[in-house]
Amino acid sequence: SLSLAQRERNEGGYTFYGNLWAHHRARNPSIAGQQRLERGQTEAQRGGADVNLVNNVVYNWGERATHRSTSGQIRVNLIANCYIAGPDSAEPTIFSNDNPGQTLVYHRANLLDATGNGRFDPEAAALDAFRDFAETGVLRGQQDGTPFAFFQSVAAQTVDASTAYRLVIEQVGASLSRDAADRRIVATVATGGGALIDTPESLRNQQGQLPGIDDLPTRSRPDDFDADGDGMPDDFEKAHQLNPNHP
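What you see as residue numbers is a count from 1 along each chain, following the sequence as written. Two thresholds apply to this predicted model, a pLDDT of at least 70 for residue-level local features and 80 or more for giving and counting side-chain atom pairs, whereas whole-chain, interface and lining totals are computed over all residues. Excluded from the side-chain calculation are hydrogens and water; included are all heavy atoms of the structure.

### Quick look at the overall build of the chain
Stated precisely, the cut-off is as follows: Only DSSP runs of H or I with at least four residues qualify as helices, and only runs of E with at least two residues qualify as strands; both kinds are numbered from the N terminus onward. The globule rule used for comparison is 2.2 Å times the number of residues to the exponent 0.38, while the radius of gyration itself is calculated over C-alpha atoms. When a residue's accessible area, from a 1.4 Å probe over protein chains only, is under 20% of the maximum for its type it is buried; when over 50% it is exposed; and in between it is partly exposed. Residue contacts follow a heavy-atom distance rule, with two residues in contact if any of their heavy atoms lie within 4.5 Å. The method behind every accessible area is Shrake-Rupley, applied with a 1.4 Å probe, and residues are considered shielded solely by the protein chains displayed. Charge convention: Lys and Arg are scored as positive, Asp and Glu as negative, and His as well as the terminal groups of each chain are ignored. By convention, the point assigned to a charge is CZ for Arg, NZ for Lys, CD for Glu and CG for Asp.
Counting secondary structure elements, the chain contains four helices and 14 strands. Taken over C-alpha atoms, the radius of gyration comes to 23 Å for the chain, far larger than the 18 Å a tight globule of 247 residues would show. Dimensions of the chain, computed from C-alpha atoms along their principal axes, come out at roughly 70 × 50 × 35 Å. Here the chain holds 247 residues, and the buried ones make up 39% of them. Contacts in the chain between residues far apart in sequence, at least 24 positions, make up 74% of those at least 6 positions apart. As presented, the chain carries roughly 14100 Å² of accessible surface, and 49% of it is formed by carbon and sulfur atoms. Of the charged side chains in the chain, 22 are positive and 32 negative, and the gap between their average positions amounts to 5 Å.

### Quick look at the sheet that holds strand 11 (residues 111-113)
We count it as follows: When DSSP finds two or more bridges between a pair of strands, those strands are recorded as paired. Only the stretch in contact is used when fitting a helix axis, every axis being a line fitted to C-alpha atoms; angles between N-to-C directions are given from 0 to 180 degrees.
Across the sheet, five strands lie side by side as 2-5-8-11-12; this open sheet has mixed pairing. At either end of the open sheet lies a strand with only one pairing partner, and these are strand 2 (20-22) and strand 12 (123-124). Of the pairings in the sheet, the one linking strand 8 (residues 82-84) to strand 11 comprises three bridges and is parallel in character. Bridge assignment links cysteine 82 to a residue of strand 11, and that residue is leucine 111. Of the strands in this sheet, strand 2, strand 5 (57-59), strand 8 and strand 11 touch helix 2 (residues 161-171), which is tilted by about 70° from strand 8. Taken strand by strand, helix 3 (residues 180-191) contacts strand 2, strand 5 and strand 8, and its axis lies near 85° from that of strand 2.

### A word on the confidence of the model for the chain
Formally: Per-residue confidence from the prediction method is given by pLDDT, with values spanning 0 to 100.
Looking at the chain, pLDDT values average 89 and 99% of them are 70 or higher. The element-level mean pLDDT for the chain is lowest in helix 1 (residues 4-8), coming to 74, with strand 5 highest at 98.

### Considering helix 3
Worth spelling out the cut-off: Residue count minus one, scaled by 1.5 Å, sets the expected span of a helix. In this context, the arc is that of the directions from the helix axis out to the C-beta atoms. The term polar contact refers here to a pair of N or O atoms within 3.5 Å; inside protein, the definition further demands a hydrogen-donor-capable atom paired with an acceptor-capable atom, and it admits residues adjacent in sequence only when both atoms are side-chain atoms.
With 12 residues, helix 3 should cover 16 Å at 1.5 Å per step; its first-to-last C-alpha distance of 16 Å lies within 8% of that length. Turning to helix 3, its buried residues number three or more, namely Ala181, Val186, Thr188 and Val189. Relative to the axis of helix 3, the buried residues are bounded by an arc of 150° and lie together on one face. If you check the start of helix 3, you find a side-chain oxygen 3.0 Å away from the backbone N of alanine 181, and it comes from aspartate 179.

### Quick word on the nonpolar core
The condition is simple: Definition used in this section: a nonpolar core is a set of buried Ala, Val, Leu, Ile, Met, Phe, Trp, Tyr and Cys residues joined via side-chain atoms within 4.5 Å.
Core analysis: the largest hydrophobic core is formed by 23 residues, its most contacted members being Leu20, Val57, Ile79, Cys82, Ile84, Tyr165 and Val189. Elements with a minimum of two residues in this core: strand 2, strand 5, strand 8, strand 10 (103-108), helix 2 and helix 3. Broken down by element, this core gets its largest block of residues, four residues, from helix 2. Beyond its immediate chain neighbours, meaning those up to four positions away, valine 189 contacts Leu20, Ala22, Val57, Tyr59, Ile84, Tyr165 and Ile169. Membership of the second largest hydrophobic core comes to 21 residues, among which are Ile31, Leu53, Tyr83 and Ala125.

### As for unusual backbone geometry
With phi around 65°, histidine 23 is a residue other than glycine that occupies positive phi space. If you trace the backbone, histidine 23 turns up in the loop between strand 2 and strand 3 (30-31). At aspartate 132, a position not held by glycine, the phi torsion is positive, near 65°. With respect to the secondary-structure elements, aspartate 132 resides in the loop between strand 13 (130-131) and strand 14 (137-140). Aspartate 132 sits in the partly exposed class, given a relative accessible area of 42%.

### Some remarks on the environment of glycine 192
Tracing the sequence through the fold places glycine 192 in the loop between helix 3 and helix 4 (234-239). Sequence-wise, glycine 192 and threonine 115 are 77 residues apart; in three dimensions their C-alpha atoms are separated by 9.8 Å. For glycine 192, the contacting residues outside a window of four places in its chain are Tyr59, Pro87 and Gly118.

### Here's the deal with helix 2
Of the residues making up helix 2, those classed as buried are Ala161, Ala164, Tyr165, Val168 and Ile169. Along the long axis of helix 2, the arc covered by the buried residues comes to 130°, so they all point the same way. Looking at the buried side of helix 2, the elements it contacts are strand 2, strand 5, strand 8, strand 11 and helix 3. The N-cap residue of helix 2 is aspartate 160: its side-chain oxygen and the backbone nitrogen of serine 162 are 3.2 Å apart. Phi for glycine 173, located one or two positions after helix 2, is positive at around 145°.

Given below as structure tokens:
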């Protein structure tokens, strides 16, 4: 969490850009400030959170696509994201504010595909896609304000939500090459299928293999590839004028 002084200077905070959340019940974006007060700290001194959620795709959420979590004031720039309802999406709500902490959200150019028809048919997310803002939330859009200043850290990289969806489908992932589990999950987003994933065991194939783990080939190095056991192969050390017998 951030102190009031830090937030007034727009220092710190978090940016989530170009991510895919798929088939989550409770692991979709969940935003809160300081959860526990320190000894001697007053409620007025509780730290908050500043978050940019930009150009992400959230698919087949369970109950909540994006929501605020426990205590503390939060400020959120929710800009050009794409929300796609799936078979397990309980309702077409993209942000749930069911918490007594103050929630300040600036939203712009977000898309919501609530059809569940397996095609990408989004519409501009309307105000009724934001829930429970009447008492402790402030919701602003392009017609009544500007983003919180910390949006400037990602403004130049922001694209429209349809383009973000295409880029996420083409490029998202934590590794250079997608494995079978990655490909399967991305395919469900594009076709409107899949189900909530509560355990990796649900990804095992008919042969009982867990894709990306059990189906990888085993490769072994020669026993003498690293004479001094320093983690660098002897061929590498020789090529760089190092001593392969001295760690």
